[in-house]
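# Summary of structural features
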Amino acid sequence: MKKKPPPQQVRIIGGEYRRTPLAVLEAPGLRPTPDRVRETLFNWLAHLWGQDFTGRRVLDLFAGTGALGMEAASRGVAHATLVESHAAAVQGLRATVTRLKAAHVDVIQADALAYLGTAPGGWDLVLLDPPFGQEWLARLWPRLPRLLAPGSLVYVEDDQPVEPPADFAMLRAARAGAVHYHVLQYRPGDASSPT
């Protein structure tokens, strides 16, 4: 069966930048989060955060089109950092941030693992939507705790259900087609999180 080509653009679906188009490049592993999944995720976050995104710091570690990180920025987070390794995607992200005058958004060109080695801590939400089938999560989990305070959230997309590692608890999980998506909470030392 022939694979469906990726859309040429996606749109921010809520908040200040609603309906802003985001270009989708044809690049290996680039797979924008579908609208329906983003809508569900941000409904979950609104519920978990009491409808208040202000003051939140968000790290989008595989930014790609920026669909997740810019969605958070659009909904009023205090700061969003978008990390992407693909040069053309970074150029597109920077153009979007400039066009929207989104001063609370940083775009960093870096490999995700390299960035995690030097990243500051204190994130309220880390967005993980890595390319499928490359074992990214196994490499990322051990590096995340130093970036997170207890209670911080991690969003994960994968092509299979995710098992929470030690010190993380699953709060929400769903599936849309081939995409499994999850919200986990960092709970160091909590006996109710998996060990």
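Right above here is the structure, for reference.
Read on for an overview of the structure. Computed from a prediction, not measured in an experiment: that's the story for all the values here.

In terms of residue burial, helix 2 (residues 67–74) counts as a mostly covered element, since 8 of its 8 residues are buried. Among the residues of helix 2, Ala67, Leu68, Gly69, Met70, Glu71, Ala72, Ala73 and Ser74 are the ones counted as buried.

Moving on, we come to the side chain of histidine 182. By the element assignment, histidine 182 lies in strand 9 (residues 179–186). A residue is classified by how much of its surface remains accessible, and histidine 182, at 3% relative accessible area, is buried. Of the polar contacts made by the side chain of histidine 182, one reaches the backbone nitrogen of valine 162; its length is 3.0 Å. Apart from residues no more than four positions distant in its own chain, histidine 182 is found in contact with Val154, Tyr155, Val156, Gln160, Pro161, Val162, Met170, Arg172 and Ala173.

Here we take up the sheet that holds strand 5 (residues 105–109). Pairing in this open sheet of 7 strands is mixed, and the strands run 5-4-3-6-7-9-8 from one edge to the other. With partners counted over all chains shown, the strands left at the sheet margins are strand 5 and strand 8 (168–176), one partner each. Each strand of the sheet is rotated relative to its neighbour by a mean of 15°, with strand direction disregarded. Sheet topology places strand 4 (residues 79–84) next to strand 5; 5 bridges connect them, and they run parallel.

Once that is clear, we can look at the nonpolar core. In terms of nonpolar packing, the biggest core is built from 38 residues, with Leu41, Leu45, Met70, Val105, Leu125 and Tyr155 touching the most fellow members. Of all the secondary structure elements, the ones that give two or more residues to this core are helix 1 (35–48), helix 2, strand 4, helix 3 (87–100), strand 5, strand 6 (123–128), strand 7 (148–158) and strand 9. Counting residues in each nonpolar core, the second largest holds 26 residues, with Val83, Leu137, Val162 and Phe168 among its members.

Bridge analysis of strand 8 against strand 9 gives 8 bridges, and the strand direction is antiparallel. Paired with alanine 169 across the two strands is glutamine 185, which belongs to strand 9. Hairpin connection of strand 8 to strand 9: 2 residues between the antiparallel strands, including glycine 177 at a positive phi of 60°.

In this section: unusual backbone geometry. What you tend to see is this: most non-glycine residues have negative phi, and most peptide bonds are trans. Positive phi is not limited to glycine here, since arginine 19 has a value of about 75°. Mapped onto the fold, arginine 19 is located in the loop between strand 1 (9–11) and strand 2 (21–23). Take arginine 19: its relative accessible area is 55%, and that puts it in the exposed class. Not every positive phi belongs to a glycine, and glutamine 51 is a case in point at roughly 65°. One can find glutamine 51 in the loop between helix 1 and strand 3 (57–60).

Here we come to the pairing of strand 7. Counted residue by residue, strand 7 has 8 buried out of 11 residues, so it is predominantly covered. Relative to strand 7, strand 6 is paired through 5 bridges, and the arrangement is parallel. Counted as the bridge partner of leucine 128 is valine 156 from strand 7.

Quick notes on the rules
- Residues numbered from 1 in each chain as written.
- Predicted model: local features only at pLDDT ≥ 70, side-chain atom pairs only at ≥ 80, totals over all residues.
- Heavy atoms only, no water.
- Buried < 20%, exposed > 50% of the residue type's maximum accessible area, 1.4 Å probe, protein only.
- Helix = DSSP H or I, 4+ residues; strand = E, 2+ residues; numbered from the N terminus.
- Polar contact = N/O pair within 3.5 Å; in protein donor to acceptor, adjacent residues only side chain to side chain.
- Contact = heavy atoms within 4.5 Å.
- Pairing = 2+ DSSP bridges.
- Axes fitted to C-alpha atoms, helices over the stretch in contact; angles between N-to-C directions.
- Core = buried A, V, L, I, M, F, W, Y, C linked by side-chain atoms within 4.5 Å.

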